[in-house]
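In case you want the letters, here they are:
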Amino acid sequence: LCQLPGWSLRWDGSIVVTTGNDDALGVYTCTPYNSYGTAGESRPTRVLLKDPPTFTVHPKEEYFQEVGRELVIPCAAHGDPPPTVTWLKVGSAGKVGARVDGNSSLILQPLLKEQHGLWECTATNQVASVSTTTTVHVLGTSPHAVTNVSVLPLLLAANISWEPGFDGGYFQRFSVWYTPLVKHPPRAHHDWVSLSVPVGAQHLLVENLQPDMSYQFSVLAQNKLGSGPFSQIVTSVPRGFPVTSVPPELPAVTVRIFLSPPQALTANETARGVLLQWEPPAQFSVALSGYALELRQDKGGWEVLDRSIPSTKTQVLVPGLIKDAFYEFRLVAFAGSYISDPSNTVNVSTAGMEVYPSRTQLPELLPQPVLAGVIGGICFLSVAVIFSTMAACIMNRRRATRIQKRRQGRGWPGVGSW
């Protein structure tokens with residue numbers, strides 16, 4: 001064996017071949033012996049070289065397709081003996097409506113929301129088994145459930161965080177739902193409370209909770225097509241005030257609300273547009289920084305119309321709405337690093353109204369300094385036109401007087417000659 005590189009004999013009589021090649025092919029027998037001799041050799045065994053599976057066609061890393069359509073994902077491999085190719089959705093018990101054609105390609109027809117996720121293609125023969133994965137994104141569906149929901153207990157509050165699921169191809173928003181766990185509830189079911197999550201946030205602070213009481217929390221995702229499934233329910237107990245030998249003096253208000261939403265938002269139709277009026281937030285811990293106005297048209301997605309409304313203003317004019325449309329408006333307030341929940345929503349319908357110009361887009365709100373400059377320029381031009389007209393009239397009148405005097409001066413000699 002020492003003449004064959006990579007070959008060695010183990011203490012139990014086994015032969016180890018580090019690299020299999022043509023030198024290893026053949027028929028082998030094993031003969032055990034000791035000081036008394038041997039009982040003979042073993043039955044012969046034949047060594048054959050076979051190839052493990054190798055992928056000849058790999059699926060792409062990701063696939064995007066609309067729900068209800070057909071999606072074909074190729075996957076092929078070769079080996080000796082020829083391998084068997086199978087498909088499996090990771091985390092699912094079955095193929096969830098999928099099939100495999102004669103070329104080992106995965107066929108998803110029609111594509112279902114449940115088929116979204118990670119798929120694994122596996123090639124297996126007598127030598128080895130190899131796998132490759134791809135991710136399928138199903139578009140045009142409601143959102144998928146959020147994952148990794150965690151709750152951090154705080155003093156009379158809880159901070160809920162999560163990881164968003166796939167949005168179904170549309171912008172999604174989140175809301176946090178919670179309810180106390182009562183041993184003997186007055187009714188057969190719990191009353192769940194929902195709180196809207198600011199746009200882009202993946203966490204929310206839930207305040208005004210009772211100390212030492214269990215609460216259940218869940219997160220719901222929504223997009224323009226509807227709501228996704230609720231997340232897993234997480235139970236947590238907010239912390240209460242520490243118990244000391246001398247009871248601390250509690251302030252009159254033990255729960256601090258950092259920033260409440262703007263109040264009493266109303267909409268009034270005027271000849272110039274829609275006038276929105278509101279009241280400032282009732283409670284805020286630092287000075288207000290300003291407001292942001294959001295709108296959506298015909299039950300579409302919410303969009304930010306103006307994010308720089310000064311904190312001193314309590315009304316704003318929205319011109320240039322499209323005729324025969326339905327609008328919804330709401331406000332959020334800013335104070336330091338805090339963003340309030342949205343205010344109440346007001347509805348405005350422009351059906352049949354002639355006061356609104358037909359435009360494809362809402363124009364930007366004109367700042368007051370720019371508006372004042374425009375009005376001042378118009379007034380200056382008007383005064384200049386008036387003075388120019390008056391000066392022209394005076395000059396024409398004087399010219400006519402001089403011409404008349406000249407004509408009269410030329411006519412007097414002719415009369416005297418008669």
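The paragraphs below set out a description of the structure included in this document. In this text, all values refer to a predicted model and were calculated from it rather than measured experimentally.

A look at the sheet that holds strand E6 (residues 62-66)
Then step 1. Taken in spatial order, the four strands of this open sheet run E6-E13-E12-E9, and their pairing is mixed. Single-partner strands in this sheet number two, and they are E6 and strand E9 (84-89). Sheet twist, expressed as the mean angle between neighbouring strand axes with direction ignored, is 25 degrees.
Then step 2. Bridge analysis of E9 against strand E12 (residues 117-124) gives six bridges, and the strand direction is antiparallel. Each bridged residue has a counterpart across the sheet, and for Thr86 the counterpart in E12 is Thr122.

Observations concerning the pattern of salt bridges
Then step 1. Scanning all chains against the criterion turns up three salt bridges.
Then step 2. Asp80 is the partner of Lys50 in a salt bridge, and the nearest nitrogen-oxygen pair spans 3.8 Å. Highlighted residues: Lys50 in the loop between strand E4 (45-47) and strand E5 (51-57) and Asp80 in strand E8 (residues 76-80), separated in sequence by 30 residues.
Then step 3. Taking the relative accessible area as the measure of exposure, Asp80 reaches 30% and is therefore partly exposed.
Then step 4. When the shortest N-O distance is used, the salt bridge between Arg330 and Glu294 registers 2.7 Å. With Arg330 in strand E27 (residues 326-335) and Glu294 in strand E24 (residues 290-297), the pair connects residues that are 36 residues apart, well separated along the chain. Here Arg330 and Glu294 have matching classes, each one buried.

With respect to the sheet that holds strand E15 (residues 157-163)
Then step 1. Read across the sheet, three strands follow the order E14-E15-E18 without closing on themselves; strand pairing throughout is antiparallel. The sheet is open, and its two borders are formed by strand E14 (147-154) and strand E18 (203-206), each paired with just one other strand. Taken pair by pair, the neighbouring strands of this sheet meet at an average axis angle of 15 degrees, ignoring direction.

Digging into the packing of aromatic side chains
Then step 1. In total, this model carries eight aromatic pairs according to the counting rule given.
Then step 2. Relative to Tyr291, the ring of Trp278 lies with its centre 5.4 Å away and its plane at 70 degrees, an arrangement referred to as edge-to-face. Taken together, the positions of Trp278 in strand E23 (residues 273-279) and Tyr291 in strand E24 put the pair 13 residues apart, joining distant regions of the chain.
Then step 3. What makes Tyr291 buried here is its relative accessible area of 1%.
Then step 4. In this structure an aromatic cluster arises from ring pairing among Tyr178, Tyr215 and Phe217.

Each value, and the rule that gives it
One numbering rule holds for all chains: residues counted from 1, following each sequence as written. Owing to the predicted nature of the model, reporting of local features is limited to residues with pLDDT of at least 70; listing and counting of side-chain atom pairs is limited to 80 or more, with chain, interface and lining totals taken over all residues. Water and hydrogen atoms were dropped before computing side-chain values, which therefore reflect all heavy atoms in the structure. The pairing criterion for strands is at least two bridges between them, as found by DSSP. The helix and strand labels rest on DSSP assignments: H or I over at least four residues marks a helix, E over at least two residues marks a strand, and numbering proceeds from the N terminus. For helices, the fitted axis covers only the stretch in contact; all axes are lines through C-alpha atoms, and the angles between them, taken along N-to-C directions, range from 0 to 180 degrees. Just to be clear on terms, a salt bridge is a Lys or Arg side-chain nitrogen sitting within 4 Å of an Asp or Glu carboxyl oxygen. Only protein chains enter the accessibility calculation, which uses a 1.4 Å probe; a residue is then buried when its area is under 20% of its type maximum, exposed when over 50%, and partly exposed in between. Two aromatic rings, drawn from Phe, Tyr or Trp (for Trp, its six-membered ring), form a pair once their centres lie within 6.5 Å of each other, and the interplanar angle then sorts them: stacked below 30 degrees, edge-to-face above 60, tilted otherwise.

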